[in-house]
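These are the residues of each chain, in order.
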Amino acid sequence: MIEGTAAYLAIVAMALVTYASRVLGPVLTRVLPASPRLDAALAAVPGAVLVAIVVPAVLATGVPGLVATVIVVLVTARTHKPLLGAAAGVVVVWSATGAGL
Amino acid sequence: MGYDGSMMGDRVERAAGSGEGAERSRMGTHDTSGVGKAGDELVVVNRSRTEPPETMVGGSSSPAPSDGSAFIAPGGPKAMPVGAVGEGHGTATRWSRTGILAGAKAALPLLPGSLVIGVVFGVLSREVGMSGLQAILMSVLVSAGAAQFIALDLWAPQVPVVSLVVTTLVVNLRNLLIGASLQPWLGPLRGWRRAVTMHFLTDESWALTEVARRRDQRDAAFLIGAGLTVYLGWIVGTATGHGLGSRLGGLENWDIGFIFTAFFVALLVGVTRGRGDLVPYAVAAVVAVVAQRVLGGTWYILAGGIAGSLAGALAMRPAGD
């Protein structure tokens, strides 16, 4: 069936493209000239990407999201246990949802 | 939990988190002139450490001394970007089942969330006309949540192959960035082991690995384990959701996605090095928020990540060496 074939073709193509994006990042760093600035840039990536992921999401969740984020940061910083911090934040948001906020 | 996040501050200590009898060594202060020395120190430490009889990076199973020399890139320690204090204190030195287990354990909190979101994907995939096999195949081969949900939006009886490929590529561009940020740590990993390991690169597995790396995790297979947990939950969820179909409902009321957001916030605390990060963070945040409004889709993550990374590079004090 032609439609079925197109679907599997699409899935495989998506998979190849996705895998390429996963595997080529490290290759790019080998192509660029090594320098302390490049190292600093790469070292700054984790925080930057996490912030970029998190901030819009938190803003979208509104006030409960903001409060939850503060709680996550405080709990994680104090206990050094991300699981605890994340759980605390989720509790805040779900409580707000349950309370109809 | 198999690991803890920790605030970095001015000093970095190697914790006994890797469970391999890690020795303690001080990294010194922020000035990069100390970094070169610390890089040498690490290599020396690697040489004298007895490696457990597990699969070695590069395929060699010979004892420590040859491993030590294998991780000095041509050009000496300078060619190995140890970088400023706060990120990976050197490269991964092994690739073994221990690492996979450590990663899988670290990612366990994300398993329920990935199962639920997988179920959502499964249910929706049925509604747009995907077969169970197609849905499961997509989750196994692509295993990228954002791309897969967008694919659901585009799915039609005449499957638009080109649109799907282009949007998948665009959505996954940030993998280039996060993959690159792991390169100083993954460096020695080559060949089929690297090829297999990189399949498990996702936002979650990457973030977990970055935190573990700062806790001196040296097993490159940690990335596999960290990705594997969510991967399995995702696949099982997909299959379950597609199988159960519309019998499941009401999941959208509870913000399941916030589980991941909260976790990312917690991991953000773990990778934060100190006050110097605040300006790059602010730049990343502003760019991300603006980009989300201006551009569609998930460009904003890539944009914010690049902007924050550049800000971090520009803010760097001139290196001593």
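Remember, it's a predicted structure, so these values are computed and weren't measured experimentally.

Participant: Please clarify how the confidence of the model for chain A should be interpreted in this entry.
Facilitator: Low-pLDDT portions of the prediction should not be read for the details of their coordinates. Per-chain confidence: chain A averages 86 in pLDDT, with 96% of residues scoring 70 or above. Ranking the helices and strands of chain A by mean pLDDT puts helix α3 (residues 62-79) of chain A first, with 91, and helix α4 (residues 82-98) of chain A last, with 85.

Participant: How do you make sense of unusual backbone geometry when you look at a structure like this?
Facilitator: Leaving glycine out, the prevailing phi sign among residues is negative, and the prevailing peptide bond configuration is trans. A positive phi angle, close to 60°, is found at A:His80, a residue other than glycine. Note on placement: A:His80 falls in the loop between α3 and α4. In this structure, B:Ser143 is a non-glycine residue whose phi angle is positive, near 45°. Residue placement: B:Ser143 occurs in the loop between α5 (132-141) and α6 (145-154).

Participant: Is there a simple way to explain the side chain of B:Glu204 in this structure?
Facilitator: All names here are of chain B. Mapped onto the secondary structure, Glu204 falls in helix α10 (residues 203-214). Polar side-chain contacts of Glu204 include one of 3.0 Å to the side chain of Thr202. Setting aside anything within four residues of it in sequence, one finds Glu204 in contact with Leu110, Val230, Phe260 and Phe264.

Participant: Honestly, the pattern of salt bridges in this entry has me stumped. Any pointers?
Facilitator: Residues and elements named next belong to chain B. A complete count under the given rule lists 5 salt bridges over all chains for this structure. For the salt bridge of Glu210 with Arg213, the shortest nitrogen-to-oxygen distance reads 3.0 Å. Placement of the pair is Glu210 and Arg213 together in helix α10, with a separation of 3 residues, close to one helical turn. Note on Glu210: relative accessible area 1%, which makes it buried.

Cut-offs and rules
- Residues numbered from 1 in each chain as written.
- Chains lettered and ligands numbered in written order.
- Predicted model: local features only at pLDDT ≥ 70, side-chain atom pairs only at ≥ 80, totals over all residues.
- Heavy atoms only, no water.
- pLDDT = per-residue confidence, 0-100.
- Helix = DSSP H or I, 4+ residues; strand = E, 2+ residues; numbered from the N terminus.
- Polar contact = N/O pair within 3.5 Å; in protein donor to acceptor, adjacent residues only side chain to side chain.
- Contact = heavy atoms within 4.5 Å.
- Salt bridge = Lys/Arg side-chain N within 4 Å of Asp/Glu carboxyl O.
- Buried < 20%, exposed > 50% of the residue type's maximum accessible area, 1.4 Å probe, protein only.

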